[in-house]
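Overview (structure and organization)
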Amino acid sequence: VSYPSIVGEMLASGFSIIGFSWICSPACTELEVVVMDWLAKFLNLPPHFLHENEGPGGGVIQGSASEAVLVAVLAAREQAVRRLRLSQPELSESDIRGKLIAYSSDQSNSCIEKAGVLAAMPIKLLPAGEDLVLRGDALKHAIEQDVAAGLIPVICIASLGTTGTCAYDDIESLATICEQNDVWLHVDAAYAGGAFALEECSELRRGLERVDSLNFNLHKFMLVNFDCAAMWLRDANKVIDSFNVDRIYLKHKHEGQTQIPDFRHWQIPLGRRFRALKVWITFRTLGAEGLRAHIRKHIRLAEQFEDLVKADERFELIAPRALGLVCFRAKGDNEITSQLLQRL
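Quick notes on the rules
Residues numbered from 1 in each chain as written. Predicted model: local features only at pLDDT ≥ 70, side-chain atom pairs only at ≥ 80, totals over all residues. Heavy atoms only, no water. UniProt positions renumbered as here; feature names shortened; annotations may be inferred. Helix = DSSP H or I, 4+ residues; strand = E, 2+ residues; numbered from the N terminus. Domains from an automatic or database assignment. Contact = heavy atoms within 4.5 Å. Buried area = accessible area lost by both parts, 1.4 Å probe. Salt bridge = Lys/Arg side-chain N within 4 Å of Asp/Glu carboxyl O. Core = buried A, V, L, I, M, F, W, Y, C linked by side-chain atoms within 4.5 Å. Buried < 20%, exposed > 50% of the residue type's maximum accessible area, 1.4 Å probe, protein only. Axes fitted to C-alpha atoms, helices over the stretch in contact; angles between N-to-C directions. Parallel < 35°, antiparallel > 145°, perpendicular 65-115°, else oblique. Nonpolar A, V, L, I, M, F, W, Y, C, P; charged D, E, K, R; others polar. Pairing = 2+ DSSP bridges.

As annotated in an unreviewed UniProt entry, the chain carries the name Alpha methyldopa hypersensitive protein and is attributed to Drosophila eohydei. In its Cofactor (unreviewed entry) section, UniProt records this for the chain: "pyridoxal 5'-phosphate". If you open the UniProt record of the chain and go to Sequence similarities (unreviewed entry), you find "Belongs to the group II decarboxylase family."

What follows is the structure in structure tokens.
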């Protein structure tokens, strides 16, 4: 965490804004629109994720990757139900909901499995390859099996930087299968997403122009304190249509007069904190190059530690180094590594 982020957090707490709609605090909403576009440009994301471009895409700050994944799962579920009720009117809504299924890698974060529990939709954890990468062929095989069994594929959650080893799923091959089967593709880049900002890591961005949504935690690689998770949507209307509930006390006279979104439609809770302020102050204080230097420092430290592990015959690497993560173990029985962990 950085001192500019702490200052922003203190100011936001002092203002005590509950910014569920634009009228609650125009600055709360409008600054978030600005910083989400800054972030998208900083990370070299496809233009359709920017608010400033014509079209239905845009970014929003969620509390955590868990929330962002759940939003994607719920929106994909509701879009699938509506689509099938139109195309197959003979099916009841309960028939449809009972057949829905989602997919992810067996290397994915536990929040993805939890999202399936909360959304009342099974998430099938598919076996990754020996390199711990999930590819399109595994997804294709699972979808074919499930469709033959009468199930309805809804969403695939891919990982760019898995929790265990920071492995990167093959987004391009997964996107091809998702496009062929009308399946929502979400990318969880909670940790590794920060590396999108580095040209030397540009290969990590391959295929992002084909995904429906993605998330990245600023409280990991971006010197912003918890909680602050960025989420971008290719078509925000799909989330808004799924979550929109309007009561008379939520209406205001400026509705429809501005292109600025009411972010309560983009998230689980109604109220929201002024998280954009700490992002804005961090960017304005440290600058894009300062943030890139911080990410590169993490990577250099990992390279240095990797060399130390390789030079010590007592230890071995169990996965390739990825960004700032080095996975190693003591040679011999697992109990030796367990004892080392306890001593550390």
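UniProt's entry tags Lys220 with the feature "modified residue: N6-(pyridoxal phosphate)lysine" (unreviewed entry), counted in the numbering of this structure. Secondary-structure assignment places Lys220 in helix 8 (residues 218–221).

According to the domain assignment, the chain consists of domain 1 (3–286) and domain 2 (288–343). Once you take the C-alpha centre of each, domain 1 and domain 2 turn out to be 30 Å apart. On the side of domain 2, 15 residues touch domain 1, which itself brings 20 residues to the contact. Sorting the residues of domain 1 by area buried against domain 2 places Phe42, Leu198 and Phe221 first, and these three jointly supply 34% of that buried surface. Linking domain 1 with domain 2 are 1 salt bridge. Glu200 serves as the salt-bridge partner of Arg296, at 2.7 Å between the closest nitrogen and oxygen.

Time to look at the nonpolar core. Residues Leu39, Leu45, Leu139, Val187, Leu218 and Trp232 are the most contacted members of the largest nonpolar core, which totals 63 residues. It is helix 10 (residues 276–310) that provides the largest number of residues to this core, a total of 8 residues. When residues of this core are assigned to domains, at least three map to each of domain 1 (3–286) and domain 2 (288–343). Those residues in contact with Leu218, other than ones at most four positions away along the chain, are Leu39, Leu223, Val224, Cys228, Ala230 and Val279. Ranked by size, the runner-up nonpolar core spans 37 residues in total, among them Val69, Val73, Ile123 and Val154.

Now for the packing of helix 6 (residues 136–148) against helix 7 (residues 171–180). Running from amino to carboxyl end, helix 6 crosses helix 7 at an angle of 25 degrees, the nearest separation of the two axes being 8 Å. Here helix 6 lies roughly parallel to helix 7, going by the angle between them. Every residue of helix 7 that contacts helix 6 at Gly136, Leu139, Lys140 and Ile143 is listed here: Ser173, Leu174, Ile177 and Cys178. Per-class residue counts for the contact of helix 6 with helix 7 are 5 nonpolar, 2 polar and 1 charged.

Once that is clear, we can look at the environment of Ala192. On the secondary structure map, Ala192 appears in the loop between strand 5 (184–188) and strand 6 (213–217). What makes Ala192 buried here is its relative accessible area of 1%. Considering only alpha carbons, one finds Ala192 and Pro46, 146 residues apart in sequence, at a separation of 17 Å. When sequence neighbours within four positions are dropped, the list of residues in contact with Ala192 reads Leu160, Gly161, Cys166, Tyr168, Leu204 and Leu323.

A few words now on the sheet that holds strand 2 (residues 100–105). Reading across the sheet, the 7 strands line up as 1-7-6-5-4-2-3 and stay open at both edges, with mixed pairing between neighbours. Each having just a single partner strand, strand 1 (58–62) and strand 3 (123–126) make up the two edges of the open sheet. Taken over all neighbouring pairs, the strand axes of this sheet differ in orientation by 20 degrees on average, direction set aside. Here strand 1 pairs with strand 7 (residues 229–233) via 5 bridges, running antiparallel. Each bridged residue has a counterpart across the sheet, and for Val60 the counterpart in strand 7 is Met231. The strands touched by helix 7 within the sheet are strand 4 (152–159) and strand 5, with strand 5 carrying the most contacts at an inclination of about 155 degrees.

Right, let's get into the pattern of salt bridges. Applying the stated criterion across every chain yields a total of 24 salt bridges. In this structure, the salt-bridge partner of Lys278 is Glu9, at a minimum N-O distance of 2.7 Å. Separated by 269 residues along the polypeptide, Lys278 in helix 10 and Glu9 in helix 1 (residues 3–15) bring together distant segments of the chain. Residue Glu9 is classed as buried on the basis of its relative accessible area of 14%. Lys310 serves as the salt-bridge partner of Glu306, at 3.7 Å between the closest nitrogen and oxygen. Of this pair, Glu306 and Lys310 both sit in helix 10, separated by 4 residues, roughly a single helical turn. We classify Lys310 as exposed; its relative accessible area is 57%. By sharing partners, the salt bridges in this structure join Glu9, Asp227, Arg273, Arg275 and Lys278 into a single network.

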